[in-house]
Amino acid sequence: MKQASGETHLIDSQGNTVTSSKTPVQILEQCCLKYGSTMRGRMEAACMLLGIRQKPPVLISEATGEIWFGTTSMKDKSCEWYSYHHLLHIVSRNGRTEVLFMNGISVETDTDVRILRRQMERCEHLLRILSDES
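Residues numbered from 1 in each chain as written. Predicted model: local features only at pLDDT ≥ 70, side-chain atom pairs only at ≥ 80, totals over all residues. Heavy atoms only, no water.

Draft legend 1. Expanded view of the overall build of the chain. A tally of regular secondary structure across the chain gives three helices and nine strands. What you see for the chain is a C-alpha radius of gyration of 14 Å, in line with the 14 Å of a compact globule of 134 residues. Principal-axis analysis of the C-alpha atoms places the extent of the chain at approximately 40 × 30 × 25 Å. Scored against the burial criterion, the 134 residues of the chain give a buried share of 38%. Contacts in the chain between residues far apart in sequence, at least 24 positions, make up 36% of those at least 6 positions apart. Carbon and sulfur atoms form 50% of the exposed surface of the chain, whose accessible area is close to 8000 Å². Here the chain contributes 16 positive and 16 negative side-chain charges, whose respective centroids are spaced 5 Å apart. (Helix = DSSP H or I, 4+ residues; strand = E, 2+ residues; numbered from the N terminus. Rg over C-alpha atoms; globule rule 2.2 N^0.38 Å. Buried < 20%, exposed > 50% of the residue type's maximum accessible area, 1.4 Å probe, protein only. Contact = heavy atoms within 4.5 Å. Areas by Shrake-Rupley, 256 points an atom, 1.4 Å probe, with all protein chains shown as cover. Lys, Arg positive; Asp, Glu negative; His and termini not counted. Charge placed at Lys NZ, Arg CZ, Asp CG, Glu CD.)

Following this line, the structure appears as structure tokens:
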């Protein structure tokens, strides 16, 4: 999910690009509320559980385990959001980062491969913590 020219572009599971007038944060907030929490509450919990202060992953639902992560501060309009469970592989190619999704779609991003991998690790860690407390 990426915001550009006042619109948010999402890639659905079939590889189609869907455009929304809502910001990525508004979309994620709406998803969190659907499952009974605010995005802020989810982020505060993730920060506390992971012992971090910046760029926490956002757990949309404990029931489904759906979790998203941002590439920069959520206040930054260039922040891209990725669904952890839809990512297959992240690779660096010629100074750019290629993100390959489970459905075979790939996108290029300027985000450093190390940032994406660290964010993926945070998602994995959060999911482990939550499953251990069950």
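Draft legend 2. Up close: the side chain of Ser61. When you line up the elements, Ser61 lands in the loop between strand 4 (58-59) and strand 5 (67-70). In this structure the side chain of Ser61 is engaged in a polar contact, spanning 3.2 Å, whose partner is the backbone nitrogen of Thr64. Those residues in contact with Ser61 that sit more than four places away from it in its chain are Tyr35, Arg42 and Glu66. (Polar contact = N/O pair within 3.5 Å; in protein donor to acceptor, adjacent residues only side chain to side chain.)

Draft legend 3. Examining unusual backbone geometry more closely. Although it is not a glycine, Lys55 adopts a positive phi angle of roughly 45 degrees. Summarising the element assignment, Lys55 is placed in the loop between helix 2 (39-50) and strand 4. Even without glycine at this site, Asn94 takes up a positive phi of about 50 degrees. Of note, Asn94 is situated in the loop between strand 7 (87-93) and strand 8 (96-101). The exposed category is assigned to Asn94, whose relative accessible area is 82%.

Draft legend 4. The environment of Thr23, seen in detail. Summarising the element assignment, Thr23 is placed in the loop between strand 3 (17-20) and helix 1 (24-34). For Thr23, a relative accessible area of 26% translates into the label partly exposed. Setting aside anything within four residues of it in sequence, one finds Thr23 in contact with Gln3 and Thr8.

Draft legend 5. Fine view of the pairing of strand 9 (residues 106-109). Two elements, strand 8 and strand 9, share four bridges in a ladder whose sense is antiparallel. For Leu100, the partnering residue across the bridge sits in strand 9 and is Ser106. What sits between the antiparallel neighbours strand 8 and strand 9 is a turn of four residues, in which Gly104 has the positive phi angle 90 degrees. (Pairing = 2+ DSSP bridges.)

Draft legend 6. Structural context of the sheet that holds strand 1 (residues 2-4). One open sheet holds the three strands; their spatial order is 1-2-3, and the pairing between them is antiparallel. This sheet does not close on itself; its edge strands, each paired only once, are strand 1 and strand 3. Taking each pair of neighbouring strands and ignoring which way they run, the sheet shows an average axis angle of 30 degrees. Both strand 2 (residues 7-11) and strand 3 contribute to a ladder of four bridges, which runs antiparallel. Directly across from Thr8, in strand 3, lies its bridge partner Ser20. (Axes fitted to C-alpha atoms, helices over the stretch in contact; angles between N-to-C directions.)

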